[in-house]
Amino acid sequence: MSARAYAYLDTALLFTQEVFYYGDRVDWGAWRQRALARARNAQTFAQVHPAVDSAVAELRDPHSFFYLPTESLGFREDPNTPVYLPQARVIAPRIGYLW
């Protein structure tokens, strides 16, 4: 694996490990080794994506998922296009829906 691909994967794994709510139920060392094995030949960020996706899927949590950069709301091929702005709607007094 290239150094850049490793750094990218490492960042994703560390972030997931840090924020995953049910972290006490995961053998993080084994989980990390499986992800590294899946990406062992990766040279680019795109080649790391399947390993990240599989690692997140292994957590079996419906609230955890991986978006490809092109699927994320912040992705912009043209940096001059506006960033996605959140939308909000008031549902009831003191209750709102933000997306």
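Please read these numbers as outputs of a predicted model, since none were measured by experiment. (Residues numbered from 1 in each chain as written. Predicted model: local features only at pLDDT ≥ 70, side-chain atom pairs only at ≥ 80, totals over all residues. Heavy atoms only, no water.)

### Here we look at the overall build of the protein
If you tally the helices and strands in the protein, you get 3 helices and 2 strands. Along the protein, from the amino end to the carboxyl end, the secondary structure elements read α-α-α-β-β. Sorting the 99 residues of the protein into buried and exposed places 23% on the buried side. Relative to all contacts within the protein whose residues are 6 or more apart in sequence, the contacts with residues 24 or more apart total 43%. Total accessible area on the protein is roughly 7,700 Å²; 57% of this is exposed by carbon and sulfur atoms. (Helix = DSSP H or I, 4+ residues; strand = E, 2+ residues; numbered from the N terminus. Buried < 20%, exposed > 50% of the residue type's maximum accessible area, 1.4 Å probe, protein only. Contact = heavy atoms within 4.5 Å. Areas by Shrake-Rupley, 256 points an atom, 1.4 Å probe, with all protein chains shown as cover.)

### Some points on the packing of helix α2 (residues 28-38) against helix α3 (residues 45-58)
The angle between the axes and the distance between the axes are what describe a pair of packed helices. Where α2 meets α3, the closest approach of the two axes is 9 Å, and the angle between their N-to-C directions is 155 degrees. The angle between α2 and α3 falls in the class roughly antiparallel. Considering only the axes of α2 and α3, their crossing is right-handed. Contacts between α2 and α3 pair Trp31, Arg34, Ala35 and Arg38 from the former with Ala51, Ser54, Ala55 and Glu58 from the latter. Classifying every residue of the contact of α2 with α3 by side-chain character gives 4 nonpolar, 1 polar and 3 charged. (Axes fitted to C-alpha atoms, helices over the stretch in contact; angles between N-to-C directions. Parallel < 35°, antiparallel > 145°, perpendicular 65-115°, else oblique. Left-handed = near helix turned anticlockwise from the far one by under 90°. Nonpolar A, V, L, I, M, F, W, Y, C, P; charged D, E, K, R; others polar.)

### Looking at a nonpolar patch on the surface
A cluster of nonpolar residues, Ile91, Ile95, Tyr97 and Trp99, forms a patch on the protein surface that exposes about 430 Å² of accessible area. Summarising the element assignment, Ile95 is placed in strand β2 (residues 95-98). What makes Ile95 partly exposed here is its relative accessible area of 48%. (Patch = residues over 30% accessible without salt bridge, like charges linked within 9 Å, V, L, I, M, F, W, Y side chains within 5 Å. Salt bridge = Lys/Arg side-chain N within 4 Å of Asp/Glu carboxyl O.)

So yeah, pure geometry; function would need other evidence.
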